[in-house]
Every structure is written in C-alpha cells, then in structure tokens.
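Given next are the chains, with one letter for each unit.
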Amino acid sequence: MNPINESQLNTLYDMLKTEKKSGTLSQKKYDLWLVFGFAIDLVEGDLNDYFFNETGSTLEQLIKALTNLGATEVVSILEEALSLLDQPLPLDIESRQGRLMALNQDILEAWDELTEDYYDIEAEFWSLLVGQYKA
C-alpha cells in the first residue's frame, strides 16, 4: 500500500490543481499533477477507471510524465494495456467511454491483471512519487 493515505493524496492533488488553475505550475509539478490524477483513479479503481475517467484524456502526457519521473514499470504496464487494443483510445471522453464500454471481456480481464501488476509495485511507485513531490 502507498505511504500516504487517500486523504493526503487528495490534498496534494488539490494543491497541484490549484496551482494549475492559477498558472503557476512548473513542468515538474504538472507532471506530478498528471501522475496524481492517474494514481487517484487506481486507488479508487483500476486501469479501466483511469481510461474511462476524464483523466484518461491526458494519457500521452501521463506516459511522458511517468518517464520523466523514472516510473518505468508503470509506463510498461500502461503500454502493455494499450497494446491490447486494435487502435488508440480517442481523446474525446464520450468517444473514449463508448469504445471502452464495447471492449471484449478478454481485454478487461487482462487489464485487471495489469492493475494487479501495478498494485505489486505500488509501494515503490508511491515512494518515488512522494520523493519527487518533496524535492
């Protein structure tokens, strides 16, 4: 489990969100904002939830942010999940959600397994993330 609780996670995310709205977010903090959004979806659900929610529209930027933060194992999990699709997910939320609702059960089950792979490295990921936020 992660070294901070969900309340602390939401507080950190809200602080980053406030800075984003005010236009004072550095690139590093923007990367963290993207990663925290992803992490919140996985605390509350699974990969399908991330792709389904509004945060899923930032997937390309998220992968770059995770790479910049050194979270290569999480990048690998996302890339493997995406490799199961026959075409990229649309950025538009309604189109993306429609596409996700039509996915076959085999893909959803594979995504569940990949979510479990994420949970296996979650503590290490959180240590990296909290360390980057404090830096």
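Here, the structure is the one placed above.
All figures in this text were calculated on a predicted structure; none of them were measured in a lab. (Residues numbered from 1 in each chain as written. Predicted model: local features only at pLDDT ≥ 70, side-chain atom pairs only at ≥ 80, totals over all residues. Heavy atoms only, no water.)

Student: Would you mind showing me how to read helix H2 (residues 27-44) here?
Tutor: Given 3.6 residues per turn, any residue in an α-helix points the same way as the ones three and four places further on. With 18 residues, H2 ought to run about 26 Å at 1.5 Å a step, and its terminal C-alpha atoms sit 26 Å apart, in line with that. Buried within H2 are the following residues: Asp31, Leu32, Trp33, Leu34, Val35, Phe36, Gly37, Phe38, Ala39, Ile40, Asp41 and Leu42. (Helix = DSSP H or I, 4+ residues; strand = E, 2+ residues; numbered from the N terminus. Expected span 1.5 Å × (residues − 1). Buried < 20%, exposed > 50% of the residue type's maximum accessible area, 1.4 Å probe, protein only.)

Student: Hey, could you run me through the environment of Tyr13 in this one?
Tutor: Within the secondary structure, Tyr13 is located in helix H1 (residues 6-22). Filtering out sequence-adjacent residues up to four positions away, Tyr13 remains in contact with Trp33, Phe36, Gly37 and Ile40. (Contact = heavy atoms within 4.5 Å.)

Student: Got a minute to help me understand the side chain of Asp31 in this structure?
Tutor: Within the secondary structure layout, Asp31 lies in helix H2. Despite its burial, Asp31 remains without a salt bridge, the nearest opposite charge being carried by Lys28 at 9.2 Å. Of the polar contacts made by the side chain of Asp31, one reaches the side chain of Asn68; its length is 3.2 Å. Each residue touching Asp31, except ones within four places of it in the same chain, is listed here: Ala65 and Asn68. (Lys, Arg positive; Asp, Glu negative; His and termini not counted. Salt bridge = Lys/Arg side-chain N within 4 Å of Asp/Glu carboxyl O. Polar contact = N/O pair within 3.5 Å; in protein donor to acceptor, adjacent residues only side chain to side chain.)

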